[in-house]
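Breakdown of the fold
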Amino acid sequence: PAHFNAMNSKLNLLELRHNAFTGSIPSSIESLTALTFLSLSGNKMTGTLPLLKNSQSLERLYVDGNGLVGTVPSTWGVDSKLMFPELIELWMGDNNLSGSIPSGLANLKSL
């Protein structure tokens, strides 16, 4: 759905892999503040990676196997310990991403 706002405080797992979804990842996904698991792998999604600025609970993020473009948001590396303190898995392969991975992600000891 384009709008996740109604589920923002309750939804903690969103598994949407291998559905042939197209289009961009909706920015409203950032309203899912309780999300611990997000898998959008193996779709046909395009556009850029979301900022995920309200995702402090996120433990696993899978966006591999799409057609995502652009760079990994620089905000992901500014202070990754605060932005993604629980992140233990991050899969972004098989996209068309460019640039470098923000060095701050290296500070995540569980990743």
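Up top is the structure.
A brief look at the structure comes next. Nothing here was measured: the structure is a model prediction, and the numbers come from that model.

Rules of the game
- Residues numbered from 1 in each chain as written.
- Predicted model: local features only at pLDDT ≥ 70, side-chain atom pairs only at ≥ 80, totals over all residues.
- Heavy atoms only, no water.
- Salt bridge = Lys/Arg side-chain N within 4 Å of Asp/Glu carboxyl O.
- Buried < 20%, exposed > 50% of the residue type's maximum accessible area, 1.4 Å probe, protein only.
- Helix = DSSP H or I, 4+ residues; strand = E, 2+ residues; numbered from the N terminus.
- Phe/Tyr/Trp six-rings, centres within 6.5 Å; stacked < 30°, edge-to-face > 60°.

**Some words on the pattern of salt bridges**
Following the criterion strictly, the structure yields three salt bridges and no others. Salt-bridge contacts for Arg60 lead to Glu59; the nearest nitrogen and oxygen are separated by 3.6 Å. Classification of Arg60 by relative accessible area gives partly exposed; the value is 26%. For Arg60, the salt bridge identified is with Glu89, shortest N-O distance 3.7 Å. Residue Arg60 is located in strand E5 (residues 60–62), and its partner Glu89 is located in strand E7 (residues 89–91); the two are separated by 29 residues in the primary sequence. Within the structure, one salt-bridge network assembled from shared partners comprises Glu59, Arg60 and Glu89.

**What to know about the packing of aromatic side chains**
Inspection of the entire model under this criterion finds three aromatic pairs. Taking the centre distance of 5.5 Å and the plane angle of 55° together, the rings of Phe37 and Tyr62 count as tilted. Highlighted residues: Phe37 in strand E3 (residues 37–39) and Tyr62 in strand E5, separated in sequence by 25 residues. Each member of the pair, Phe37 as well as Tyr62, is classed as buried. Measuring from ring centre to ring centre gives 5.5 Å for Trp76 and Phe84, while their planes differ by 85°; the resulting arrangement is edge-to-face. This pair shows no difference in class: Trp76 is buried, exactly as Phe84 is.

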